[in-house]
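A look at the structure
Below are the chains, spelled out letter by letter.
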Amino acid sequence: MRNVKTATMQLIIINIICFVLTLGGTLFANVLGNNYVYTVSHFQIYRLFTNLFYHFGFMHLLCNMFSLLQIGMVIEYLYGKKQMLFCYFTTGILGSFISCIIHHILGHNVLSAGASGAICGLLGVMLGSLNKFSNNKYQTIFLTLLPIILIGFQGGVDNIAHWTCLFLGFGLSKFMKK
């Protein structure tokens, strides 16, 4: 696992390209972000996918890509490229949809974006696969989960998406095989 796995690196490159194309997250927020009014009411389902690649700023992108590098490599090593990508997109898209619906029910008008939900999904897979890790992987899990929890206490973070994806990933881990 010394070298970066291909799917992980491809996702990072795609995220960086999307960030550059949106001029550092300043363009297209209302076109690419996930929001109940647009996603569900106007049936713009593509937003459940595009919001995984749209970031609101450089630090948002940097933190997410660092986490994706750490967690994505582990999941790709344990389960392979196809299963890692399946988990990334399944948890990211389902988590975005569930978050969108819950925010609407709660009366919140939230615009969500970023890879962090899907990354939390991969983290959930890691948590569900603890029996496959050596002791040094616990540190990776802790160092990734702690900032997500701490950042979640400040405003403007879609905690519903993060936690939904985490639990979805944990559930998916029970069906995954090497």
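None of the values given here were measured: they were computed from a predicted structure.

Turning our attention to the overall build of the protein. Along the protein, the regular secondary structure elements total nine helices and zero strands. Along the protein, from the amino end to the carboxyl end, the secondary structure elements read α-α-α-α-α-α-α-α-α. For 178 residues, the compact-globule formula gives about 16 Å, and the C-alpha radius of gyration of the protein, at 15 Å, lands near that figure. Its C-alpha atoms give the protein principal-axis dimensions of about 45 × 35 × 30 Å. Out of the 178 residues belonging to the protein, those deemed buried represent 45%. The long-range share in the protein, meaning contacts at least 24 apart out of those at least 6 apart in sequence, stands at 81%.

This paragraph deals with the nonpolar core. Counting residues in hydrophobic clusters, the biggest one holds 31 residues, and the most contacted among them are Leu-68, Ile-71, Ile-75, Met-84, Tyr-88, Leu-122 and Leu-123. Contributing elements (two or more residues each) for this core: α1 (6-21), α5 (58-79), α6 (81-106), α7 (116-128), α8 (136-152) and α9 (159-173). Tallying contributions element by element places α5 first for this core, with eight residues.

This part takes up α7. Under the 1.5 Å per step criterion, the end-to-end length of α7 is 18 Å for 13 residues, consistent within 8% with the ideal 18 Å. The element α7 is largely enclosed, with a buried count of twelve among its 13 residues. If you check which residues of α7 are buried, you get Ser-116, Gly-117, Ala-118, Ile-119, Cys-120, Gly-121, Leu-122, Leu-123, Gly-124, Val-125, Met-126 and Gly-128.

With that settled, consider the side chain of Thr-39. Relative to the helices and strands, Thr-39 resides in helix α3 (residues 36-41). Among all residues touching Thr-39, those that are not within four sequence positions of it are Asn-34, Gln-44, Ile-45, Arg-47, Leu-48 and Cys-100.

We now examine α1. Over its 16 residues, α1 runs 22 Å from end to end, which matches the ideal 22 Å to within 8%, given 1.5 Å per residue. In this structure, the buried residues of α1 make contact with α5 and α6. At the exit of α1 stands Leu-23, carrying a positive phi of roughly 55°.

Let us now look at the packing of α5 against α7. In a pair of packed helices, the angle between the axes and the distance between the axes together describe the arrangement. Between α5 and α7, the shortest axis-to-axis distance is 9 Å and the interhelical angle comes to 40°. Taken as axis vectors, α5 and α7 run oblique relative to one another. For the element pair α5 and α7, the recorded crossing hand is left-handed. Counted together, Asn-64, Ser-67, Leu-68, Ile-71, Gly-72, Val-74, Ile-75 and Tyr-79 of α5 and Ser-116, Ile-119, Leu-122, Leu-123, Val-125 and Met-126 of α7 form the full contact between these two elements. Across the contact of α5 with α7, the residue classes break down as ten nonpolar, four polar and no charged.

This model, assessed by the stated rule, comprises seven aromatic pairs. Taking the centre distance of 6.2 Å and the plane angle of 45° together, the rings of Phe-53 and Phe-89 count as tilted. In this pair, Phe-53 is assigned in the loop between α4 (47-50) and α5 and Phe-89 in helix α6, connecting sequence segments 36 residues apart. Using a relative accessible area of 7% as the deciding quantity, one classes Phe-53 as buried. Judged by relative accessible area, which is 21%, Phe-89 ranks as partly exposed. Relative to Phe-167, the ring of Trp-163 lies with its centre 6.3 Å away and its plane at 35°, an arrangement referred to as tilted. Separated by four residues within a single helix, Trp-163 and Phe-167 lie in helix α9, roughly one turn from each other. By relative accessible area, which is 35% here, Trp-163 ends up partly exposed.

What counts, and at which threshold
- As a convention, each chain's residues are numbered from 1 in the sequence order in which they are written.
- Only residues with pLDDT of 70 or above have their local features reported here, since the model is predicted, and side-chain atom pairs are shown and tallied only from 80 upward, although totals for entire chains, interfaces and linings are computed over all residues.
- Note that the side-chain values use all heavy atoms of the structure and ignore hydrogens as well as water.
- A run of DSSP states H or I qualifies as a helix once it reaches four residues; a run of E qualifies as a strand once it reaches two. Both are numbered from the N-terminal end.
- Within these notes, the globule rule equals 2.2 Å times the number of residues to the 0.38 power, and the radius of gyration is based on C-alpha atoms.
- Partly exposed residues are those whose accessible area sits between 20% and 50% of the maximum for their type, while under 20% is buried and over 50% is exposed, using a 1.4 Å probe and protein chains only.
- Any two residues whose heavy atoms approach within 4.5 Å are treated as being in contact.
- Residues belong to a common nonpolar core when they are buried Ala, Val, Leu, Ile, Met, Phe, Trp, Tyr or Cys residues joined through side-chain atoms within 4.5 Å.
- Here a helix's expected span is defined as the number of its residues, less one, multiplied by 1.5 Å.
- A fitted line through C-alpha atoms represents every axis, and for helices the fit uses only the stretch in contact; the resulting angles, taken between N-to-C directions, go from 0 to 180 degrees.
- Throughout this description, any angle smaller than 35 degrees is read as roughly parallel, any larger than 145 degrees as roughly antiparallel, any in the 65 to 115 degree range as roughly perpendicular, and the remainder as oblique.
- Here a crossing is taken to be left-handed if its near helix is turned anticlockwise relative to the far helix by less than a right angle, and right-handed if that turn runs clockwise.
- In this classification, the charged set is Asp, Glu, Lys and Arg, the nonpolar set is Ala, Val, Leu, Ile, Met, Phe, Trp, Tyr, Cys and Pro, and all remaining amino acids, among them Gly, are polar.
- Within 6.5 Å between ring centres, the rings of Phe, Tyr and Trp (the latter by its six-membered ring) count as paired, and their orientation is classed by plane angle as stacked under 30 degrees, edge-to-face over 60, tilted in between.

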